[in-house]
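In case you want the letters, here they are:
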Amino acid sequence: MGNFSNHQKLLRNALIDPVSVLDYSISEWELLLRLVRRVKLLGHLAIELERRGLSNKIPVRAANQLRSGLIRAKKFQQLARWELDRITWALKGMNIPVVVLKGGAYILARLPSAEGRFFIDLDIMVPQEQLDQVEACLLKRGWRHREISTYDEHYYRAWSQEIPALIHRERETEVDIHHTIAPVTSRIRLDARLLFDDAITVGSPEYRILCPVDMVLHCSVNLFQNNELADDLRDLLDLHSMLCVFPHEDTQFWEKMISRANQLRLGRPLFYGIWFTRMIFQTPVPEKIENTLNQKPGLFSQWIMNALVPSALLPLHPDYPARFAQFARFLLYLRSHWIRMPFHLLISHLAYKCYLRLRPPSKPMIKK
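Keep in mind the model is a prediction, meaning the values are calculated, not measured.

**Considerations on the overall build of the chain**
Phase 1: When its secondary structure is counted, the chain shows 15 helices and seven strands.
Phase 2: Taken against the 2.2 N^0.38 rule, which gives 21 Å for 368 residues, the C-alpha radius of gyration of the chain at 21 Å falls within 12% of a compact globule.
Phase 3: For the chain, the C-alpha atoms occupy an extent of roughly 55 × 50 × 45 Å along the three principal directions.
Phase 4: A burial count over the chain gives 54% of its 368 residues as buried.
Phase 5: Of the charged side chains in the chain, 49 are positive and 38 negative; the average position of the first set lies 4 Å away from that of the second.

**Notes on the nonpolar core**
Phase 1: Counting 113 residues, the largest nonpolar core has Trp-29, Leu-32, Ile-177, Leu-233, Leu-236 and Met-257 as its most contacted members.
Phase 2: Per-element accounting of this core gives the leading share, nine residues, to helix 12 (residues 267–281).
Phase 3: Counting residues in each nonpolar core, the second largest holds six residues, with Tyr-151, Tyr-155, Met-341 and Leu-345 among its members.

**Brief notes about the packing of aromatic side chains**
Phase 1: Throughout the structure, instances matching the rule amount to 13 aromatic pairs.
Phase 2: Relative to Phe-276, the ring of Phe-224 lies with its centre 5.8 Å away and its plane at 25°, an arrangement referred to as stacked. Placement of the pair is Phe-224 in helix 9 (residues 212–226) and Phe-276 in helix 12, with a sequence separation of 52 residues. Of the two residues, Phe-224 and Phe-276, both sit in the buried class.
Phase 3: In textbook terms, an aromatic cluster arises when at least three aromatic residues are bridged by ring pairs, as seen for Phe-224, Phe-271, Tyr-272, Trp-275 and Phe-276.
Phase 4: Over the ring of Phe-4 we find Arg-12; its NZ or CZ atom is 4.2 Å from the centre of that ring.
Phase 5: Across from the ring centre of Trp-89, 4.7 Å away, lies the NZ or CZ of Arg-141, which sits over that ring.

**Here we look at the confidence of the model for the chain**
Atom-level detail of predicted coordinates should not be read off regions where pLDDT is low.
Phase 1: On average, residues of the chain score 91 in pLDDT, and 97% of them reach the 70 mark or higher.
Phase 2: When mean pLDDT is taken per element in the chain, helix 2 (residues 26–38) scores highest with 97 and helix 15 (residues 343–358) scores lowest with 77.
Phase 3: Per-residue pLDDT stays below 50 along residues 364–368; that stretch engages in 16 contacts with residues further than four places along the chain or on separate chains.

**Description of helix 7 (residues 150–159)**
Phase 1: Buried within helix 7 are the following residues: Tyr-151, Glu-153, Tyr-155 and Trp-159.
Phase 2: The inward-facing, buried residues of helix 7 abut helix 14 (323–340) and helix 15.

**Description of the environment of Ile-96**
Phase 1: Considering the arrangement of structural elements, one finds Ile-96 in the loop between helix 4 (60–90) and strand 1 (99–101).
Phase 2: Residues Ile-96 and Pro-127 lie 31 residues apart in sequence; the distance between their C-alpha atoms is 7.9 Å.
Phase 3: With residues up to four places along the chain from it excluded, the contact list for Ile-96 reads Val-126, Pro-127, Gln-130, Gln-133 and Val-134.

**What to know about a nonpolar patch on the surface**
Phase 1: There is a patch of nonpolar side chains on the surface, built from Phe-324, Phe-327, Phe-330 and Leu-334 and spanning about 390 Å² of accessible area.
Phase 2: Along the polypeptide, Leu-334 turns up in helix 14.

**Some words on the pattern of salt bridges**
Phase 1: Counted by the stated rule, this structure contains 21 salt bridges.
Phase 2: Of the charged contacts in the structure, one is a salt bridge between Arg-146 and Glu-174, with a shortest N-O distance of 3.0 Å. With a gap of 28 residues between them, Arg-146 in the loop between strand 3 (143–145) and helix 7 and Glu-174 in strand 5 (residues 174–178) connect regions that are remote in the sequence.
Phase 3: Look at the salt bridges and you will find they share partners, linking Glu-48, Arg-51, Arg-52 and Glu-115 into a network.

Cut-offs used in this document
Each chain has its residues counted from 1, running along the sequence as written. Given that the model is predicted, a residue must reach a pLDDT of at least 70 before its local features are reported, and side-chain atom pairs must reach 80 or more before they are shown or counted; all residues, however, enter totals for whole chains, interfaces and linings. The side-chain values count all of the structure's non-hydrogen atoms but skip hydrogen atoms and water molecules. Only DSSP runs of H or I with at least four residues qualify as helices, and only runs of E with at least two residues qualify as strands; both kinds are numbered from the N terminus onward. Radius of gyration here uses only the C-alpha atoms, and the compact-globule reference equals 2.2 Å multiplied by the residue count raised to the power 0.38. Relative accessibility under 20% of the residue-type maximum defines a buried residue, over 50% an exposed one, and the middle range a partly exposed one, all with a 1.4 Å probe and only protein chains included. Charge assignment: positive for Lys and Arg, negative for Asp and Glu; neither His nor the chain ends contribute. Charge placement uses NZ in Lys and CZ in Arg. For Asp and Glu, CG and CD serve respectively. To form a nonpolar core, buried Ala, Val, Leu, Ile, Met, Phe, Trp, Tyr and Cys residues must be joined to one another through side-chain atoms within 4.5 Å. Only Phe, Tyr and Trp rings take part, Trp by its six-membered ring, and two of them pair if their centres are within 6.5 Å. Stacked means planes under 30 degrees apart, edge-to-face means over 60, and tilted covers everything else. Comment: the charge-over-ring label is applied if NZ (Lys) or CZ (Arg) is within 6 Å of the ring centre and within 35 degrees of the ring normal. Values of pLDDT, ranging from 0 to 100, describe the predictor's confidence in every residue of the model. Note on contacts: a residue pair is in contact if any heavy atoms of the two residues lie within 4.5 Å. The residues that make up patches have over 30% relative accessible area and no salt bridge, and they are joined within 9 Å when like-charged or within 5 Å when they are Val, Leu, Ile, Met, Phe, Trp or Tyr. For accessible areas, the Shrake-Rupley method is used with a probe of radius 1.4 Å. Any residue's cover is judged against the shown protein chains and nothing else. When a carboxyl oxygen of Asp or Glu is within 4 Å of a side-chain nitrogen of Lys or Arg, the pair counts as a salt bridge.

Structure follows, in structure tokens:
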């Protein structure tokens with residue numbers, strides 16, 4: 001399933017079967033390192049080689065770069081953990097449920113793919129009705145907003161699933177505060193309270209993450225609904241890791257996942273998540289289980305996505321980027337906007353962005 005170019009095969013083989021890198025030539029290693037760095041997986045590959053006792057069997061230069069990538073990933077994980085601790089401290093006593101998302105959640109859940117995962121910000125979710133209270137509290141405790149335009153401020157407040165990012169004045173760690181998992185202007189309409197109701201506590205009573213099926217659904221939505229997919233292979237690897245781990249922890253996982261996706265009307269993004277993890281990472285998903293989803297894409301949509309998505313998710317060749325892959329990314333960029341906004345908002349949004357390319361905004365920036 002899937003036709004991959006030579007440089008894509010080089011990367012896929014290293015991620016699916018790390019032992020295969022022992023046969024790589026020096027030139028292949030140089031290319032692999034450039035590709036892995038592009039998709040932020042240096043730390044992940046370093047961990048996988050360490051687990052297999054292969055770190056001392058690869059070229060020294062490659063081992064040093066992988067080790068450096070792992071050290072950097074662990075440093076940012078440490079910063080994110082401390083930021084979560086400080087947010088928990090700032091909101092203590094307010095009785096506001098805080099759910100950790102994305103990379104922070106994968107660390108708390110101890111997913112195998114998380115140990116060397118690189119991320120530079122912390123994502124959390126709070127109920128929409130308490131969003132203003134959380135924001136005001138953090139602003140008083142040393143966090144601030146970046147300077148953004150009046151238009152972007154409105155975009156976040158009215159149309160997005162999150163408010164403008166907060167950065168601590170001293171630590172400069174970015175915090176993204178969500179109130180749901182998909183833009184409010186998108187075609188997805190779900191009750192975020194269901195996500196909070198089934199969130200689970202991990203590690204400490206103050207730390208909560210989405211339940212396993214909701215973590216899978218959020219990852220799928222983030223990939224195939226919220227993002228443009230360019231170089232998002234790391235997120236697909238997260239999804240692959242969850243689909244490998246969670247079924248071993250819960251024998252009813254697959255049935256629960258399908259039922260939850262149908263309940264939340266997230267069949268389409270989950271269909272693509274299952275389809276492309278199986279295609280790219282050979283994820284052991286039960287055969288044809290995606291066919292039991294409601295709202296799955298039609299055959300024509302599947303054909304289009306099959307042609308475009310691998311070229312977007314997998315990195316371009318750093319020296320010889322394929323024109324088709326660049327075109328695929330452009331089409332998926334347009335798709336990401338089309339499914340996030342109704343037509344009348346999309347036209348005005350794209351018109352404004354085009355205007356900015358021709359003339360920088362003259363309005364004063366907003367700073368809080």
